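Each chain, letter by letter, is given below.
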Amino acid sequence: MKAWSINGNTQRLDGGAMFGNVPRAMWEKWLAPDAEHRVPLACRALLVQLDDGRRVLFETGIGAFFDPKLRARFGVLEERHVLLDSLAGLGLSDADIDVVVLSHLHFDHAGGLLAAWQEGQPPRLLFPNARFLVGRRQWQRARSPHPRDRASYIPELLDLLEASGRLELLDQQGLSPLLGGDWRLRWSDGHT
């Protein structure tokens with residue numbers, strides 16, 4: 001098995017929101033905010049090539065699906081889809097990925113599943129040969145979100161994943177036929 005940490009798009013979000021109850025006087029020594037009090041955040045993915053040659057991508061980052069107005073609001077720095085550039089740097093494309101595993105479906109973790117924004121074009125799902133693995137409880141939360149994180153989901157993405165016929169919902173035991181018996185994913189609700 002081989003593994004690579006690969007870059008996706010970067011964004012800037014409010015430092016106070018990112019560091020929670022840690023005082024700014026402490027965190028700004030480590031990570032200086034910009035004039036709008038935002039700090040830079042990387043959206044990296046983990047690419048794993050299994051011994052049988054299959055490629056598994058863990059997370060896809062924020063991607064480049066936002067229109068220019070929303071891209072500016074959420075501090076996404078690049079217009080292009082950096083994750084696709086990173087895959088290309090390894091001699092791969094999104095069509096070479098066999099499985100995409102998502103911890104949850106917030107846009108900063110799953111937005112990279114969508115093609116870069118183009119004026120007048122509807123959202124389009126990338127990774128045409130991949131199966132998509134998502135926790136069942138996370139899928140249910142995305143379909144019926146809590147008011148606090150409703151804006152963190154991309155409704156069109158959920159419909160595209162479901163319509164693809166390639167979505168697998170993972171139950172709490174953490175086993176997936178896609179990955180095989182040597183893999184057990186640990187259930188965690190993360191920040192959702």
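Scroll up to find the structure.
Presented here is a report on the structure given in the accompanying data block. (Residues numbered from 1 in each chain as written. Predicted model: local features only at pLDDT ≥ 70, side-chain atom pairs only at ≥ 80, totals over all residues. Heavy atoms only, no water.)

A separate point is the sheet that holds strand S4 (residues 45-49). Ordered in space as S1-S4-S5-S6-S7-S8, the 6 strands form an open sheet in which the pairing is mixed. With one partner strand each, in any of the chains shown, strand S1 (2-6) and strand S8 (167-170) form the two edges of the open sheet. Neighbour to neighbour, the strand axes of the sheet diverge by 20° on average, direction disregarded. In terms of strand pairing, S1 meets S4 through 5 bridges, oriented antiparallel. Each residue of the ladder has a partner; that of isoleucine 6, found in S4, is alanine 45. Along the sheet, helix H4 (residues 82-89) makes contact with S1, S4 and strand S5 (55-58), crossing S1 at roughly 140°. (Pairing = 2+ DSSP bridges. Helix = DSSP H or I, 4+ residues; strand = E, 2+ residues; numbered from the N terminus. Axes fitted to C-alpha atoms, helices over the stretch in contact; angles between N-to-C directions. Contact = heavy atoms within 4.5 Å.)

In this structure, Leu57, Val100, Leu105, Leu113, Phe127 and Phe132 are the most contacted members of the largest nonpolar core, which totals 35 residues. Among the secondary structure elements, those contributing two or more residues to this core are S4, H4, strand S6 (99-102), helix H5 (107-110), strand S7 (131-135), helix H6 (136-143) and helix H7 (155-164). Among the elements that take part in this core, H7 stands out by supplying 3 residues, more than any other. When neighbours within four sequence positions are excluded, leucine 57 is seen to be in contact with Ile6, Ala45, Leu46, Leu47, Leu83, Ile97, Val99, Val100, Val101 and Phe127. In terms of nonpolar packing, the next biggest core, distinct from the first, is built from 11 residues, Val48, Val56, Leu178 and Leu185 among them. (Core = buried A, V, L, I, M, F, W, Y, C linked by side-chain atoms within 4.5 Å. Buried < 20%, exposed > 50% of the residue type's maximum accessible area, 1.4 Å probe, protein only.)

By the definition in use, this model includes 7 aromatic pairs. Each ring, one from phenylalanine 19 and one from tryptophan 30, has its centre 6.0 Å from the other, and the planes form 90°; the classification is edge-to-face. Taken together, the residues phenylalanine 19 in helix H1 (residues 15-19) and tryptophan 30 in helix H2 (residues 24-30) connect sequence positions 11 residues apart. On the numbers, 4.2 Å between centres and 35° between planes, the contact of phenylalanine 65 with phenylalanine 66 is tilted. Residue classification places phenylalanine 65 among the buried positions, given a relative accessible area of 14%. By relative accessible area, which is 8% here, phenylalanine 66 ends up buried. (Phe/Tyr/Trp six-rings, centres within 6.5 Å; stacked < 30°, edge-to-face > 60°.)

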